[in-house]
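An overview of the molecular structure
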Amino acid sequence: MRIVSGMRPTGKLHLGHYLGVLKNWVEFQESNDCRFFVADWHALSTSYEDKLNLKNLGYELVKEWIAAGIDPQRSTLFVQSAVKEHAELYVLLNMITPLGWLERNPTYKDQLEQMRNKEIHTAGFLTYPVLQTADIILYNADAVPIGEDQKPHLEIAREIVRRFHHLFGCEIFTEPKEILTQTSRLPGLDGRKMSKSYNNTIPLWLPEKKLRKAIMKIKTNSLEPGEPKDTSDSALFALYQAFATPAQTEAMRQAFADGIGWGDAKQQTFELINAQLAEPRARYHQWMENPARLAE
């Protein structure tokens, strides 16, 4: 299949991005025609006031992708704004997209509520799904990897394609299908969903000592060593489970039941995550020393 997906260059990635997006991309590239792009125009839909250095942030983003295992020899990596046809198709699709489709988008309503501190009542933010549609159908993508919360966006894309074909009597675009990715809700340091908006993330390429320090800050309750601990509402256990094998998960579940101390549980979580990130972290630092190759 031809798969198209993008990511906004708005800052350093965290563990949630690694598990929820990048590991899936690495698997997709093994047997598919993958196009992964730096969505710099999309970044402007919510961060137009932030004076972002999109070029440098885009380079940083691609560096993180390659470190995580995205192979430029097998996947096509590009910058959205460097392909002007994205903007041209976006304009044309805006001419035929009913306003009501965009205003009913549940993601639009939810983000207006969640981002009250930012002025995002703009045409660019409202028509975000139209630009997303252009990004996808420009390459006749067969499928797009998305989380459950992005299904309304892809349905809008399919509706726009159908409307275009109906209005102009020709079928030139592929209706994209979704690939629902495994994106378990990764908790942040405070137990809420890991998000830069909440300032509760664990950055992806932290040095070993800083990674350990971050994991030691994860919020836990006041239960003492020896007291049984519940795994169902534990941010620490959820983070451990996200990186662990089934056997490791069951062993930690039993350790919680047996009353493992929080310090020991955090140390084991650190060791597990650090071991998995050691190799990609080394690749990341290699690319930091080779900006010319990255630009190429």
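These numbers come from a predicted model, not from an experiment.

1. Description of the overall build of the protein chain
The secondary structure content of the protein chain amounts to 14 helices and 5 strands. Computed over C-alpha atoms, the radius of gyration of the protein chain comes to 21 Å, within 12% of the 19 Å expected from 2.2 N^0.38 for 296 residues, which places it in the range of a compact globule. Each of the three principal axes of the protein chain carries a C-alpha extent, and together these read 70 × 45 × 40 Å. The buried share among the 296 residues of the protein chain stands at 47%. Considering only contacts within the protein chain whose residues lie at least 6 apart along the sequence, 78% involve residues at least 24 apart. Carbon and sulfur atoms form 51% of the exposed surface of the protein chain, whose accessible area is close to 15300 Å².

2. Quick word on the environment of V38
Relative to the helices and strands, V38 is located in strand β2 (residues 33-38). Residue classification places V38 among the buried residues on the basis of a relative accessible area of 1%. When the C-alpha atoms of V38 and G58 are compared, they prove to be 6.1 Å apart, with 20 residues separating the residues in sequence. Apart from the residues within four sequence positions on either side, V38 is in contact with M7, P9, G58, L61, V62, W65, F78, V79 and Q80.

3. Considerations on the layout of surface pockets
In this model, the second largest pocket occupies a volume close to 420 Å³. Looking at the second largest pocket, it is lined by 21 residues, and the ones nearest its centre are V62, L77, L294, A295 and E296. The dominant element in the lining of the second largest pocket, judged by the number of residues it contributes, is helix α3 (residues 54-68), at 7 residues. Of the residues that constitute the lining of the second largest pocket, the class distribution is 13 nonpolar, 4 polar and 4 charged.

4. Concerning the packing of aromatic side chains
As enumerated under the stated definition, the model contains 9 aromatic pairs in all. A centroid spacing of 5.5 Å and a plane angle of 25° characterise the contact between F37 and F78, whose relative ring orientation is stacked. Taken together, the positions of F37 in strand β2 and F78 in strand β3 (residues 75-79) put the pair 41 residues apart, joining distant regions of the chain. Taking the centre distance of 5.2 Å and the plane angle of 70° together, the rings of F164 and F173 count as edge-to-face.

5. Comments concerning unusual backbone geometry
A positive phi angle, near 50°, is found at N140, a position not held by glycine. Mapped onto the elements, N140 comes out in the loop between α8 (128-137) and β4 (143-146). Under the relative-accessibility criterion, N140 is labelled partly exposed at 30%.

6. Section: the nonpolar core
The nonpolar side chains of soluble globular proteins are, as a tendency, buried together. In terms of nonpolar packing, the biggest core is built from 52 residues, with L15, L22, W65 and I202 touching the most fellow members. Breaking this core down by element, the ones donating at least two residues are β1 (2-7), α1 (15-28), β2, α3, α10 (208-216), α11 (235-243), α12 (246-257) and α13 (262-288). Counting residues per element, this core draws most heavily on α13, at 8 residues. Y90, I146, A157 and I160 belong to the second-largest nonpolar core, a separate cluster that totals 29 residues.

7. Structural notes on the side chain of D40
Examined against the element boundaries, D40 turns out to sit in helix α2 (residues 40-47). No salt bridge is formed by the buried D40; its nearest oppositely charged neighbour, K84, is found at 7.6 Å. Separated by 2.4 Å, the side chains of D40 and S81 make a polar contact. Here D40 is in contact with P9, L54, V79, Q80 and S81, once residues within four sequence places are set aside.

8. A short note on α1
With 14 residues, α1 should reach 20 Å at 1.5 Å per residue; the first-to-last C-alpha distance of 19 Å fits that figure. Burial analysis of α1 places 10 of its 14 residues in the buried class, which makes it a mostly covered element. Those residues of α1 that sit buried are L15, G16, H17, Y18, L19, G20, L22, N24, W25 and F28.

9. Considering the environment of N105
With respect to the helices and strands, N105 occurs in the loop between α5 (99-103) and α6 (106-114). The spatial distance from the C-alpha of N105 to the C-alpha of A39 is 20 Å, given a sequence separation of 66 residues. Apart from the residues lying within four places of it in its own chain, the contact partners of N105 are P129, P152, H153 and I156. Among the polar contacts made by the side chain of N105, one reaches the side chain of H153 at a distance of 3.0 Å.

Definitions and cut-offs
- Residues numbered from 1 in each chain as written.
- Predicted model: local features only at pLDDT ≥ 70, side-chain atom pairs only at ≥ 80, totals over all residues.
- Heavy atoms only, no water.
- Helix = DSSP H or I, 4+ residues; strand = E, 2+ residues; numbered from the N terminus.
- Rg over C-alpha atoms; globule rule 2.2 N^0.38 Å.
- Buried < 20%, exposed > 50% of the residue type's maximum accessible area, 1.4 Å probe, protein only.
- Contact = heavy atoms within 4.5 Å.
- Areas by Shrake-Rupley, 256 points an atom, 1.4 Å probe, with all protein chains shown as cover.
- 1 Å grid on protein atoms, 1.4 Å probe; cavity = no way out; pocket = protein on both sides within 12 Å on 5 of 7 lines; lining within 4 Å.
- Points joined across faces, edges and corners; volume = space filled by probe spheres on them.
- Nonpolar A, V, L, I, M, F, W, Y, C, P; charged D, E, K, R; others polar.
- Phe/Tyr/Trp six-rings, centres within 6.5 Å; stacked < 30°, edge-to-face > 60°.
- Core = buried A, V, L, I, M, F, W, Y, C linked by side-chain atoms within 4.5 Å.
- Lys, Arg positive; Asp, Glu negative; His and termini not counted.
- Salt bridge = Lys/Arg side-chain N within 4 Å of Asp/Glu carboxyl O.
- Polar contact = N/O pair within 3.5 Å; in protein donor to acceptor, adjacent residues only side chain to side chain.
- Expected span 1.5 Å × (residues − 1).

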